[in-house]
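Now for the letters of each chain:
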Amino acid sequence: MVYSWPGNVRELSHYIERAVILNHGRRLTLPGHDHVPSVPAETAGFPSLDQVIKNHIIDALTQCRWKVSGKNGAAALLKMNPQTLYSRMHKMGILKRGG
């Protein structure tokens, strides 16, 4: 329960289902997870995936002088649709500082 799964719920479900199918014995073992960290990733100083993505978006926006779309915009730099970038910025609370 303390392990921070790096994927989505569907991937976790498939991973556990596969482990159950391939498991031998009475105790479920998960391939590649013999040792579960005793400290959650956030308290160990390891950033969450959302925080890494947010920082990457902010770095791209800073490099593009907060221009989101267009030829020299952050969306082009990140190789993503500008509307998707606007949506992620809104979801993550990324606002241009200063003005």
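Residues numbered from 1 in each chain as written. Predicted model: local features only at pLDDT ≥ 70, side-chain atom pairs only at ≥ 80, totals over all residues. Heavy atoms only, no water.

Draft legend 1. Geometry of the environment of Thr 62. By the secondary structure assignment, Thr 62 is in helix α2 (residues 49–63). Separated by 12 residues in sequence, Thr 62 and Ala 74 place their C-alpha atoms 8.5 Å apart. (Helix = DSSP H or I, 4+ residues; strand = E, 2+ residues; numbered from the N terminus.)

Draft legend 2. Local environment of the packing of α2 against helix α4 (residues 82–92). Look at α2 against α4: their axes get within 11 Å of each other, and the N-to-C directions meet at 120 degrees. Judged by the angle between their axes, α2 and α4 are oblique. For the crossing formed where α2 meets α4, the hand is left-handed. Every residue of α4 that contacts α2 at Asp 50, Ile 53, Lys 54, Ile 57 and Leu 61 is listed here: Leu 85, Arg 88, Met 89 and Met 92. Counted by class, the contact of α2 with α4 contains six nonpolar, no polar and three charged residues. (Axes fitted to C-alpha atoms, helices over the stretch in contact; angles between N-to-C directions. Parallel < 35°, antiparallel > 145°, perpendicular 65-115°, else oblique. Left-handed = near helix turned anticlockwise from the far one by under 90°. Contact = heavy atoms within 4.5 Å. Nonpolar A, V, L, I, M, F, W, Y, C, P; charged D, E, K, R; others polar.)

Draft legend 3. Molecular detail of the nonpolar core. In terms of nonpolar packing, the biggest core is built from 13 residues, with Ile 57, Leu 61, Ala 74, Leu 85, Met 89 and Ile 94 touching the most fellow members. For this core, the secondary-structure elements that each account for two or more residues are α2, α3 (74–77) and α4. No other element matches the four residues that α2 contributes to this core. For Leu 85, the contacting residues outside a window of four places in its chain are Ile 57, Val 68, Ala 74, Ala 75, Leu 78 and Met 80. (Core = buried A, V, L, I, M, F, W, Y, C linked by side-chain atoms within 4.5 Å. Buried < 20%, exposed > 50% of the residue type's maximum accessible area, 1.4 Å probe, protein only.)

Draft legend 4. Quick peek at the confidence of the model for the chain. Averaged over the chain, the pLDDT score is 81; the fraction of residues at 70 or greater is 78%. By mean pLDDT, the top-scoring element of the chain is α3 (96), and the lowest-scoring one is helix α1 (residues 9–22) (82). (pLDDT = per-residue confidence, 0-100.)

Draft legend 5. Structural view of α4. Inspection of α4 places Leu 85, Met 89 and Met 92 among the buried residues, and these make up the whole buried set. End-on, the buried residues of α4 take up no more than an arc of 75 degrees, which puts them together on one face. In α4, the exposed residues that point more than 90 degrees away from the buried face are Gln 83, His 90 and Lys 91. Summarising the contacts, the buried residues of α4 are in contact with α2 and α3. (Arc of directions from axis to C-beta.)

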